[in-house]
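Tertiary structure, described
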Number of protein chains: 2
Amino acid sequence: MVDNKKMVEKITSREEDFAQWYTDVVKEAKLCEYSSVKGCLNYLPNGYAIWENIQEKLDRRFKNVGVKNVYLPMLIPENLLQKEKDHIEGFAPEVAWVTQGGGEDLEEKFCIRPTSETLFCDVWQKQIKSYRDLPLVWNQWCSVLRWEKTTRPFLRSREFLWQEGHTIHATYEEAEERTKQMFNVYYDFVTEDLAIPLVFGKKTESEKFAGAEDTYTIEAMMHDGKSLQSGTSHFFGSGFPDAFNIKYLDKENKLHSCYETSWGLSTRIIGAIIMVHGDDEGLVLPPRIAPIQVRIIPIAQQKEGVLEKANEILERLQKENIKVDLDDSNKSPGFKYAEQEMLGIPLRIEIGPKDIENEEVIVVRRNDRKKISVKIENLEKEIPTILEEMQKEMYQQAKEFLENHIFTATTLEEMKKIAKENIGFIKAMWCGDKACEEEIKAATEGFGSRCIPEKREQISTKCICCGKEAKEMVIWGKSY
Amino acid sequence: MVDNKKMVEKITSREEDFAQWYTDVVKEAKLCEYSSVKGCLNYLPNGYAIWENIQEKLDRRFKNVGVKNVYLPMLIPENLLQKEKDHIEGFAPEVAWVTQGGGEDLEEKFCIRPTSETLFCDVWQKQIKSYRDLPLVWNQWCSVLRWEKTTRPFLRSREFLWQEGHTIHATYEEAEERTKQMFNVYYDFVTEDLAIPLVFGKKTESEKFAGAEDTYTIEAMMHDGKSLQSGTSHFFGSGFPDAFNIKYLDKENKLHSCYETSWGLSTRIIGAIIMVHGDDEGLVLPPRIAPIQVRIIPIAQQKEGVLEKANEILERLQKENIKVDLDDSNKSPGFKYAEQEMLGIPLRIEIGPKDIENEEVIVVRRNDRKKISVKIENLEKEIPTILEEMQKEMYQQAKEFLENHIFTATTLEEMKKIAKENIGFIKAMWCGDKACEEEIKAATEGFGSRCIPEKREQISTKCICCGKEAKEMVIWGKSY
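Conventions used here
- Going along each chain's sequence as written, the residues are numbered from 1 onward.
- Just so you know, chain letters begin at A and ligand numbers begin at 1, following the order they were written in.
- Given that this is a predicted model, residues contribute local features only at a pLDDT of at least 70 and side-chain atom pairs are listed and counted only at 80 or more, while totals for whole chains, interfaces and linings are drawn from all residues.
- Going along the chain from the N terminus, every DSSP run of H or I of four or more residues is numbered as a helix, and every run of E of two or more is numbered as a strand.
- Radius of gyration here is computed from C-alpha atoms only, and the compact-globule reference equals 2.2 Å multiplied by the residue count raised to the power 0.38.
- To sort residues by exposure, count the other C-beta atoms lying within 10 Å of each residue's C-beta; 20 or more gives buried, 12 or fewer gives exposed, and values between give partly exposed, all with C-beta atoms placed from the backbone.
- Two residues form a contact once the distance between their C-beta atoms, set from the backbone, is within 7 Å.
- An automatic or database domain assignment supplies the residue ranges for each domain.
- Comment: arc refers to directions from the helix axis out to C-beta atoms.
- A strand pair is defined by DSSP finding two or more bridges across the two strands.
- Think of each axis as a best-fit line through the C-alpha atoms, taken over the contacting stretch in the case of a helix, with angles from 0 to 180 degrees between the N-to-C directions.
- Copies are brought into register by a least-squares superposition over C-alpha atoms of residues with pLDDT of at least 70 in both.

This part covers the overall build of chain A. Each helix and strand in chain A was counted, giving 15 helices and 23 strands. Taken over the C-alpha trace, chain A has a radius of gyration of 25 Å; the compact-globule value for 480 residues is 23 Å, and the two agree within 12%. Projected onto its principal axes, the C-alpha positions of chain A cover 80 × 60 × 50 Å. The buried share of chain A, reckoned over its 480 residues, is 48%. Across chain A, the fraction of contacts at a sequence separation of at least 24, relative to all contacts at a separation of at least 6, is 68%.

Turning next to the domain arrangement of chain A. For chain A, the assigned domains are domain 1 (13-277), domain 2 (292-388) and domain 3 (406-477). Domain 2 of chain A and domain 3 of chain A are separated by 49 Å when their C-alpha centres are compared.

The omega torsion of the bond from Leu 134 of chain A to Pro 135 of chain A falls at -5°, within 30 degrees of zero and hence cis. Among the secondary structure elements, Pro 135 of chain A is positioned in the loop between helix H6 (117-127) and strand E7 (136-145). One non-glycine residue, Ala 300 of chain B, adopts positive backbone phi at about 50°. For Ala 300 of chain B, the position within the fold is in the loop between strand E15 (294-298) and helix H10 (306-319). The exposure class of Ala 300 of chain B is exposed, given the 12 C-beta atoms found within 10 Å.

Residue and element names in this part refer to chain A. When we look at burial in helix H2 (residues 18-28), the residues that qualify are Trp 21, Tyr 22, Val 25 and Val 26. Each buried residue of H2 sits inside an arc of 130° when the element is viewed along its axis, so together they form one side. Lys 30 sits one or two positions beyond H2 and adopts a positive phi of about 55°.

Backbone hydrogen bonds hold the strands of a sheet together, and the pairing may be parallel or antiparallel. Residue and element names in this part refer to chain B. Overall, mixed pairing links the 7 strands, which are arranged E3-E7-E8-E14-E11-E10-E9 in an open sheet. In this open sheet, the two strands that pair with only one neighbour each are strand E3 (68-69) and strand E9 (199-202). As paired elements, E9 and strand E10 (residues 214-221) share 4 bridges and run antiparallel to each other. Each bridged residue has a counterpart across the sheet, and for Val 199 the counterpart in E10 is Glu 219. Here helix H6 (residues 117-127) sits on the sheet in contact with strand E7 (136-145), strand E8 (159-169) and strand E14 (259-266), set at roughly 35° to E8. Packed on one face of the sheet, helix H9 (residues 268-277) meets E10, strand E11 (227-237) and E14 and runs near 145° to E11.

Right, let's get into the interface of chain B and chain A. Of the residues lining the interface, 39 residues belong to chain B; the matching set on chain A comes to 39 residues. The element that contributes the greatest number of residues to the side of chain B that touches chain A is strand E5 (residues 96-101) of chain B, accounting for 6 residues. As paired elements, strand E5 (residues 96-101) of chain A and E5 of chain B share 5 bridges and run antiparallel to each other. Within E5 of chain B, the position partnered with Gly 101 of chain A by the bridge is Ala 96 of chain B.

Attention now goes to the relation of the copies chain B and chain A. Between the two copies of the chain lies a rotation about an axis combined with a shift along it. Mapping chain B onto chain A is achieved by rotating through 180° and translating by 0.0 Å along the same axis, at an RMSD of 0.0 Å. Here the symmetry operator amounts to a two-fold rotation axis. Of every C-alpha in chain B, the one belonging to Val 98 of chain B sits nearest the axis of rotation, 2.1 Å from it. Comparing contact sets, 100% of the residues at the interface of chain B also lie at the interface in chain A, consistent with an isologous, same-surface contact.

Rendered as C-alpha cells:
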C-alpha cells in the first residue's frame, strides 16, 4: 500500500521554491509536458480538459455578444505579413517559415501564423464593399507559433492554443466600444468562472501590441506576487484596414476607412489558475472550471453495500449534471485522498459503512479541507450549493491576497524599498516617458508597467522617476 | 424589392452541372471560400457553425466510449516522421517543411503534421512502462496540412480541420475491437445525426492508410452517384509501437508489444451533407446538425402586432432550446424565403396578420416544402416533433436513393455497361489481386474499390476480372 505522504512529497513547497513547486504540480497532476519538439508542449488529458471547459464557457460568453466563429489558414504568405509596418517589425524575429512543400522549394515562403490580423484583413478586403457588410465580429480557436527561446509549461511555449477575435467596424467609436466590450467579457469570465481577481487597464506605449493604437489588459497576481497578463484586447484604429486598402461605401456612396479590433486569451490562463489557487498539496481548481467537480471515495469498500451506495450516489449526482466520478480502485483511501487533492478536484465525498448506517457522508472541500456532514438524501441539493460557495470563497481569498499585496509609492527610493522587501504590485505616478519607465524597471529590479487603470488614483502630481508632471497612475510589477 | 427568383438563379441546377451546382451552393450559402493562401480555405461563419455542431455531437459520442482529448504539437521533426517505413513513404511527397525559425536556418527541419501517428508514438514511448499504463484512448481536434495539387471546397484542400483519435492497447484483440468500435461510432453519428446512409467495410490493400494493417471506411453516395469516403478507422497491429520501441511489462514482468489504432473524420463530411441533401434551391441541412433550425419570417411586418407576436414566438422557442432566429429585416417575405431555403434552414414559420387572427401559423419544411398549419399555442410541442420527423424522412429518402443506385454485376462486360448507363455503385466479386482491381477501374472508367462489406454477398464464385476464384465481394464506385 502506498503512503499518501509519498505523493505530497513529490511537490516542493511553495515557500521553498515557487518555480519548482509550479513545475512539480504541472507534472504530478499530469497537465502537460515538454514534447520532443523543442519548445512545444504536449497538452495531456488532465490539462486539456481544463482548456475544453475554458473554451466552452468563454465561447458561450462570446456568442452572447454576437461573436461568430470562423477558421482561417495557419499559413501566411510573406507578402501579407509585411503589409502593416509595425506588425511585421514586432513579429518577424519570432516566426517559423515554411520554404518547401510537396517536394519542391516554394517560390514564396509562408510563415506559420503568430497571430492572424493580416489574414483577417485579407479576407475582409474582398468581402467588404458597403456599410451593409459591417460590422463583422469573428473569432477563431486555434494554435499559433512564436519561436520563443525560453519556455515554461502553459506560460511560454513556441506553439500555444488560444482564441483570437477580430472585428471590423464602420466607425472609430464602434470599434473602440467593441475593444472595451470584449475586455469586459474577459474580466467577467476570469473573475466569475476562474475565481481570479484582476487589475486592469491600458498598456503603456512600449508594452502594447505590434500595430495597435491601444491595448487593454487584465493582469492577475500569482502567489509569488508576480503578474500574469491574462488576456488582451487591442484597438487598431484604421491602421490595419488602411494598410490593406479595406474601404466601404456609406449610404451617400462615399468611400470610408474601416476600424478594427482584436482580442486574445490563451492556455497561459491555465498557468494563472495553478499559481493563484494551488497549494502545497497540488492543484486547487475552481468548481466552475474543474473537469471533475466531485470524487466519491469509498472507505472499506470491500464491505457489503459500500460500493453499491457509492454507485447510487454517483448516478444520482450525474443526473443533476454534476461532474462526478468514483474512485473504486484498490488503492488505500489515504492514497486516493492525496490523489484527489493533487488533481485539485474541488470536493470529495467520503463514504464508509458507518456513514451509510447514519445515512450521511463526509464532504471535504479541497480549498480549505473543511469537512461537512451531509445527509445522503440531501446530496443533490447540497453539493451544488457547496460548490458555488467554494467558488465565491476562492475568489474572495485570492482578492484579499491581491489587495494585501498592492503597495503605493511616491518616491523612487520608497518604491525600491517596497520592491526589495515585498512581493506584489506597486502603484506609482508616471510622466509618460519611456525612459522613466525603463529606469523604474531597472531601479526596482524588474517592476515593469503592468497597466494604467481607467479609474486613476491621484497618488501624487509628479512622476516618481523624473519628478516632472505626472500623466498616468501606473501599476508596476514583475511579470511572467 | 429583390425578386426571390434572383437568388435561386445564382445556383446552377444539379442536373445541368453537378460540380458547378456544388460550387454555387458553397458560395451562395457563404460556407467557405478559397483563401489567398493557395489550396487553403477560409471557413466562414455559416460553414464553421456546421463544423462546431459536428464537433459537439461527435465529441459527446467519443466521451461516451471513454475517449480523452489532448493536443500535441503541429510540428514533427524529420527523424520522427521517418521511423515507420510505410508511413513516411505514403506521406513524404505531400508534406510542407519548416526550415527557418526565429531568424535562423534550422539544424533539423520540421514538417507540419499531415497526421500525428508518429507524435502520439513519441509521447507514449516515454509514458508507457507497465500494463497499468494501458490502454490509452486519446483524440485531438486540430488541422492538418497535405500539399494537395487540386483542391475543392471541403472535399480537398491543403489544410483541413479534423479529429484524429489514437489509441494504444496491451493486446491485438483489444486494439482490433477498438478499431471497430470507433468505426461504429462514426456509422451511428453519420446515419443518425447527419441523416446520411452508408455502405461500409474494409479497404483493399491498395486503398488502406499508409502503415495500417486494416482500414475500415464508411462511404456515402452523393447525388451524382459518386462515393465520398466519410470517415476511416485504422488498425495498426504492433507496427508503429514496434518501430517506436514502445513495450510494456505484464503482470509477470515480461516485456510485450503494444497495439495501436487511429481514426479520423474531417470537414470533408460537410461536402457530403451538401451533396446528399442539397437541392436546386440550395442547402438542405438535417435538423440535428443545423446551426439554425427554425427561422421566423413575418408577413406584413409593418402591421400592428405582427413583430410583437413573432418575437413572442421566438422567445418561447428559444426557451425550449430550439435553435431559432427571426428575420425582421426590411426585405420582402419572398426574398427571405429564398434566403432561408438557400441556407438550408430546416423550418420556416410564416406569420402574418391573418395567422395571428386565426391563432395559427404556417410551418414550411425545407426538404419537401410541405406546409403545416400549427396552432400558435402548440408550437413548443409541435416544432421538435416536425424536426425529428424531417430528420428521419431525410435519412429514408437518401437511403432509397442509395439503394436504388447499387447494382450487381457478374461479368466485366455487364459491369462496364452498368457503369456507362448509370450513376451509383456496383457490387462485384474480386480475387484479391491488385492487377484486377486496377483493370476493373480502368475498364469502367473510374469505378475503384470503395469497400469490402463484412457481410459478404455471394454474387458469384469468380473474380469479375480474371475469372479466378473470388476472395471478396467488393463495392465499386467513382469517388471524390
